[in-house]
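# Working through the structure, step by step
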Amino acid sequence: MPPSVGEYIVFALLAGTVIGGAIFTMTRRNPVTAVMSLVGTFFALAATYASLSAHFLAIIQILVYAGAIMVLFIFVVMILNREEVAPVALRGLGFRSLGVAAGIYLVIIFLRVVRVAAPTDLPVLPETFGTVSSIGDLLFRDFLYPFEAISLLLLVAVVGGVVISRSHKKEVAAEQAAERRKIIEELARHDFPALADNAADTHGGGGHH
Amino acid sequence: MPFNLRLIPLLPFIGATLLMLFGRRWKRETVVLVACGAVLAAAFVAFDAFFTRLPEAAEVGGLTDNVWSWLSVGSGPTALNVDLSFRMDALSGLLCLIITFIGFLIHVYASGYMEHEPDYARFFAYLNLFCGAMLVLVLGDSLPVMFVGWEGVGLCSYLLIGFWYTDNANASAGKKAFITNRIGDFGFLLGMFLLFQYSGTMNFREITSVAQSGSALMQPFWLGQPVAFWVCVLLFIGATGKSAQLPLYVWLPDAMAGPTPVSALIHAATMVTAGVYMVARLHAVYLLSPAAMAIVAIVGALTAAFAAIIGFAQNDFKKVLAYSTVSQLGFMFAGVGTGNFDAGVFHLFTHAFFKAGLFLCAGSVMHAMSGSGDITKMGGLRKLIPWTHGVFFVCWLAICGLPFFSGFFSKDAIIAGAFATTIYKDAGLQWVGTFVGVLLVLAALGTAFYMSRLYFLVFSGSSRADEETKHHIHESPGVMVGPLVLLAVGAALGGFIGIPGAVIDHPELNLLGHFFEPVLGAEMVIPHMTEIIFTVLSVALAGTGVWLAYVFYGGGYREPAHQVAFRFPRFVALVRDKFRVDELYDAIFIRPLRKLSEWLFWLADRILIDKILVEGVGAVVDVFGRIARFVQLGDAQRYMAAFAIGVAALVFFATRPPAPGELKINVEGLSVQVDARRPGRQSPRELEYSFDFDDGREENQTAPEIRHAYRQPGKYTIKVTVTDPKWGTSTQVKRRVEVQ
Amino acid sequence: MPTYYYLTLSFVLFLVGTTGVLLRRNALIVLMGIELQLNAGNLAFLAFSRQLGDEKGQAFAFIIIALAAAEAAVGLAILVALFRSRQTINLDEASLMKR
């Protein structure tokens, strides 16, 4: 059944927003603007997912992607906020532009093929296609292992992220304080040898970090 | 007849090995015992063989000893079979006796002379090695075995001349000897090869029989001369090197840098005579070519005269003797060159005694003069070192050729033989005999003169040495004097084995002539008158020479000597400088060669190896490294770009429609059949073909074959475009075709 | 809509993301480009899932979203650490390799 005019218009709007948002994102100098436009792109994408009967995924896209991941980006942008003078990286520009050209060539080939190759008739989908219960059922039955694995991966990512971006200032400060304490105790033992035995006990306990 | 001949060279070799391995740890006495003992033992065996066994075996080719089958190459007429085998016949037997006996005497002498030498054991090891090699040379039954000995004595000569190698001059002298020898050896090798090629054998007896029968060696070879001529000349070149004749004699005077016993043994008595021995051995071949013998004789005579002149003005004791050796060797070659083989070998025999004696006297004198050999500072030694003087006196008379001393008989035989020889008649070279004879006469006069000069300047008159040296003049110890005396006895009496009895109608008195008959053939027949004339002439010349020397130098430098030096200073200097032959060789050969090697070094080493091969390889690796570096960028963005490019390229090549490299076109008259299929595996893809026939007409279809008829003959370019509609890619193929 | 519309959209979105990744200098923007690429993949999955009538594609897309979250977190952490040590997020200057 060929799609109706309405469907065409909806698709055109959504697709335009997606692509336009994407291009907008990639061409911004200001990272905050880029993030915002990316959020917009994701919203449009969510709508596109919905039009593909992937309702659950659409909501998840908004919640997780536009909600959580983009907020993460905003945090980092705020930490590192720098304007840059020239947006395009200059090192080996020719080579990378050649890569982009290759990509465009691939798209053209694809366009030529897809018109001929892809079938056009769609199956009739059940009512519950793409709903929460249906996808949840799938996740907890057939995709249980990947599900658990991905949660493990998220744990690893959390720990990794914390470890990598940890500030070392406190550590350095703690080490310096320990050094200072050791020197003070040495000097104290020099001046008051009578207290050496006592000092040895505490020294042995507090000296290791 | 078989006999254990191998012991004769083997014993000295064993001695040499033991001394080289253990000598350094032994006491002096042990070293002397081993060294002299080895040679003495060899002498015993040689004497035993010579006197008890040889007489019976003489007629059947002497004593033989086949040690080992050495080379056996090929089969049939071109086969080469060389065995390590020895043969003692009259000729080699006599030389064995000379080598072992005089070798032993010199070993004994050296034990005293080299007493203060730290490298005692090494010296005697080399001496023994030399004796062994010389014996191999002489006893060898074939040319290769002789060549082994030939090279061996050359090596030992080098080792012994350069014995005190820490002094550069000595090392250079050793080098000069070896290299000059080597140049001669090149000729020797060529002669050997040529002889083998035309006679098919290297064995002496077989060579002799080939030469004496048949014409194998008389075939023309080069420049119209037969093979025999070239063989003889080439072998003689080797002899000029080893036996110090013109032009390769230059090493012998320099070789005096070695210890005196070395000069006595090697450069007087034995090694230098190897050339003469070689010619005598191959006399059958030489007799085939009078022209070659003429060359031998002329070179020998010229050398004799030339060296004698140089001897007039030398101021070093040993140098005088060195040039004397060169001159006497010239006599020997003149002897064998004129066909008088007996006389040449006879002179070899007598020369060994008196020349060795003279050299050992030189050692004794230098010992007395605290190591100096400068005769300008000697004089009056007659009373101070009587024994040495006595020996020198006897040997001096022998070499001058005074009657009844050994030199008298041998030299006379040669001179008379030169004038009386008949071997040149057939070749129309009769003048050679006379020419050689005249030269020899002059050389004999010269010999008498310079030897007498030496005698008078060293032993007569009063001493010209300084106080310090005069104090130390003393006679040599007994161990040195003993051999001296024995040699003098030989020099005095040795001549009596070769009395030319034919003159007085008692030919049997000539022991030597008879003795050599089986080996060297019948002795030369010299008319009585010639013999007598030249005997008288020689004596007269000897006397003249002695008298002239007395006039110039009797009792020291006399007025005539001063006059000559005053009036002809440049000529005297030239003679003293040995006619600057060494300088000439240096300019002609050595300097250009050195320049050439420097240039080659620069070319091959500096440029080819260093620059191109070593640095070049490095540079190539460097360049490749620089290029390859661009793959490792560390830039993830460029990596991803490369990824994308790679994928695009992959897709491009995978989606191209298959097309042949060349169109298959069948021309039949005006129509063509075109086949645009790719050869090999056909793909299942649906392709479109577009044919452009270059006459304004085109066809599009999905089949790869088409037939087309042209309207007019001519040359057309057919273009086929293959398209894959699915991917939208296409390929084009063209081909020119001619239609008639 | 026919599936190939969505596929084309996915492809073009991927291309835009790739262009940003290849050409931009700011590391944050590059990371965002990577997010776009992932989303393009997601879109393709969902399009095929609908065409084949199989929900497994959607489950897979779900996993991909979770993965993208983890990757973004770690990537940004690295970026923060990079900024701390080099005081720049300019990719041109961040590399230590020889030009």
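Treat the numbers as computed from the prediction; the structure is a model and nothing was measured. (Residues numbered from 1 in each chain as written. Chains lettered and ligands numbered in written order. Predicted model: local features only at pLDDT ≥ 70, side-chain atom pairs only at ≥ 80, totals over all residues.)

## As for the overall build of chain C
Summing up its helical and strand segments, chain C has four helices and zero strands in all. For chain C, the N- to C-terminal ordering of α and β elements is α-α-α-α. Going through the 99 residues of chain C one by one, you find that 62% of them count as buried. Summarising the internal contacts of chain C: among those between residues at least 6 apart in sequence, 46% fall at separations of at least 24. (Helix = DSSP H or I, 4+ residues; strand = E, 2+ residues; numbered from the N terminus. Buried ≥ 20, exposed ≤ 12 C-beta atoms within 10 Å, placed from the backbone. Contact = placed C-beta atoms within 7 Å.)

## What about the overall build of chain B?
What chain B contains, in helices and strands, is 27 helices and eleven strands. Counting every position in chain B, which comprises 740 residues, the buried fraction comes to 49%. The contacts of chain B with a sequence gap of at least 6 include a subset with a gap of at least 24, amounting to 75%.

## Some remarks on the pairing of strand β1 (residues 63–73) of chain B
Residues and elements named next belong to chain B. Alignment of β1 against strand β2 (residues 80–88), held across nine bridges, turns out to be antiparallel. The residue bridging N66 from the neighbouring strand is S85, located in β2. Hairpin connection, β1 to β2: the antiparallel pair is bridged by six residues, and G74 has positive phi, about 70 degrees. (Pairing = 2+ DSSP bridges.)

## Observations regarding the interface of chain C and chain A
Each side of the interface is counted separately: chain C has 62 residues, and chain A has 72 residues. Contributing elements (two or more residues each) for the side of chain C that touches chain A: α1 (3–23), α2 (27–52), α3 (56–86) and α4 (91–94) of chain C. A total of 22 residues in the side of chain C that touches chain A trace back to one element, the largest contributor, which is α3(C). Split into classes, the residues belonging to the side of chain C that touches chain A amount to 43 nonpolar, 13 polar and six charged. (Nonpolar A, V, L, I, M, F, W, Y, C, P; charged D, E, K, R; others polar.)

## Overview of helix α11 (residues 274–281) of chain B
Of all eight residues in α11(B), eight are buried; the element is thus mostly enclosed. All of the buried residues along α11(B) are A274(B), G275(B), V276(B), Y277(B), M278(B), V279(B), A280(B) and R281(B).

## Some words on the confidence of the model for chain C
All names here are of chain C. Looking at chain C, the pLDDT average stands at 88 and 92% of residues meet or exceed 70. Mean pLDDT in chain C bottoms out at α4, which sits at 70, and peaks at α2, which reaches 92. For this predicted complex, the interface confidence reaches an ipTM of 0.90, while the overall pTM sits at 0.64. (pLDDT = per-residue confidence, 0-100.)

## A look at helix α17 (residues 386–400) of chain B
All names here are of chain B. Taking 1.5 Å as the rise per residue, α17 with 15 residues should run 21 Å; its terminal C-alpha atoms sit 21 Å apart, in good agreement. Every buried residue of α17 is accounted for by T388, H389, V391, F392, V394, C395, W396, L397, A398, I399 and C400. Its buried side turned inward, α17 meets α15 (341–368), α16 (381–384), α18 (406–420), α19 (430–459), α21 (478–493) and α23 (528–553). Phi for G401, located one or two positions after α17, is positive at around 90 degrees. (Expected span 1.5 Å × (residues − 1).)

## With respect to the nonpolar core
Residues and elements named next belong to chain B. With 226 residues, the main nonpolar core has F130, V285, A356, C395 and L440 as its most contacted residues. Here this core spans two domains, since at least three of its residues come from each of domain 1 (1–141) and domain 2 (357–570). Not counting chain neighbours up to four residues away, the residues in contact with V285 comprise I207, A211, L217, A228, V231 and C232. (Core = buried A, V, L, I, M, F, W, Y, C linked by C-beta atoms within 7 Å. Domains from an automatic or database assignment.)

## Considering the sheet that holds strand β5 (residues 664–668) of chain B
Backbone hydrogen bonds hold the strands of a sheet together, and the pairing may be parallel or antiparallel. All names here are of chain B. In spatial order, the strands read β5-β6-β9; together these three strands make up an open sheet with antiparallel pairing. Two strands lie at the open edges of the sheet, namely β5 and β9 (705–709), each paired on one side alone. The average undirected angle you get between the axes of adjacent strands in this sheet is 15 degrees. Of the pairings in the sheet, the one linking strand β6 (residues 671–675) to β9 comprises five bridges and is antiparallel in character. (Axes fitted to C-alpha atoms, helices over the stretch in contact; angles between N-to-C directions.)

## Some remarks on the sheet that holds strand β7 (residues 688–692) of chain B
Residue and element names in this part refer to chain B. On the basis of which strands lie adjacent, the open sheet formed by four strands has the order β8-β7-β10-β11 and antiparallel pairing. The open sheet has two edge strands with one neighbour each: β8 (698–701) and β11 (729–739). Between one strand axis and the next, the sheet turns by 15 degrees as a mean value, whatever way the strands run. Note that β7 and strand β10 (residues 714–724) share five bridges and pair antiparallel. Pairing of Y689 across the sheet is with V722, part of β10.

## Examining the environment of L98(A)
Residue position: L98(A) is located in helix α4 (residues 93–117). The exposure class assigned to L98(A) is partly exposed, which follows from the 18 C-beta atoms found within 10 Å. In this structure, L98(A) is in contact with A641(B) and I645(B), ignoring residues within four places of it in sequence.

## Description of the environment of A79(B)
All names here are of chain B. By secondary structure assignment, the location of A79 is in the loop between β1 and β2. Judged by the 12 C-beta atoms lying within 10 Å of it, A79 is exposed. Each C-alpha atom of the pair A79 and T201 lies 8.5 Å from the other, and the pair is 122 residues apart in sequence. Among all residues touching A79, those that are not within four sequence positions of it are V73 and G74.

## Here we look at the packing of α18(B) against α23(B)
Residue and element names in this part refer to chain B. Between α18 and α23, the least distance of the axes is 9 Å, while the angle of their chain directions is 130 degrees. Comparing the axis directions of α18 and α23 gives the class oblique. Handedness of the crossing formed by α18 with α23: right-handed. Residue-level contacts link K411, D412, I415, A416, F419 and A420 of α18 to T530, E531, F534, T535 and S538 of α23. The residue makeup of the contact of α18 with α23, split by class, is five nonpolar, three polar and three charged. (Parallel < 35°, antiparallel > 145°, perpendicular 65-115°, else oblique. Left-handed = near helix turned anticlockwise from the far one by under 90°.)

## With respect to unusual backbone geometry
The omega torsion across L246(B) and P247(B) is -10 degrees, close enough to zero to call that bond cis. Positive phi outside glycine occurs at S53(A), with the angle close to 60 degrees. Relative to the helices and strands, S53(A) resides in the loop between α2 (31–51) and α3 (55–79). On the basis of neighbour count, S53(A) is assigned to the buried category, with 22 C-beta atoms found within 10 Å.

## Concerning the packing of α2(C) against α3(C)
Residues and elements named next belong to chain C. Relative orientation of the contacting elements α2 and α3 amounts to 175 degrees, with a least axis distance of 9 Å. Between α2 and α3, the interaxial angle falls into the category roughly antiparallel. Touching A27, L28, L31, E35, L38, G41, N42, F45, L46, F48 and S49 of α2 are G57, Q58, F60, A61, I64, I65, A68, A72, G75, L76 and L79, all from α3. Looking at side-chain class alone, the contact of α2 with α3 contains 15 nonpolar, six polar and one charged residues.

## A look at the environment of V296(B)
Residue and element names in this part refer to chain B. Within the secondary structure, V296 sits in helix α13 (residues 290–311). C-alpha separation for the pair V296 and A239, spaced 57 residues apart in sequence, amounts to 9.7 Å. Excluding residues within four positions of it along the chain, V296 makes contact with F236, V279, F333, V336 and G337.

## Points about the pairing of β11(B)
All names here are of chain B. Here β10 pairs with β11 via eleven bridges, running antiparallel. If you follow K715 over to β11, its bridge partner there is E738. Linking two consecutive strands that pair antiparallel, namely β10 and β11, is a turn of four residues; a positive phi of about 75 degrees is found at G728 within it.

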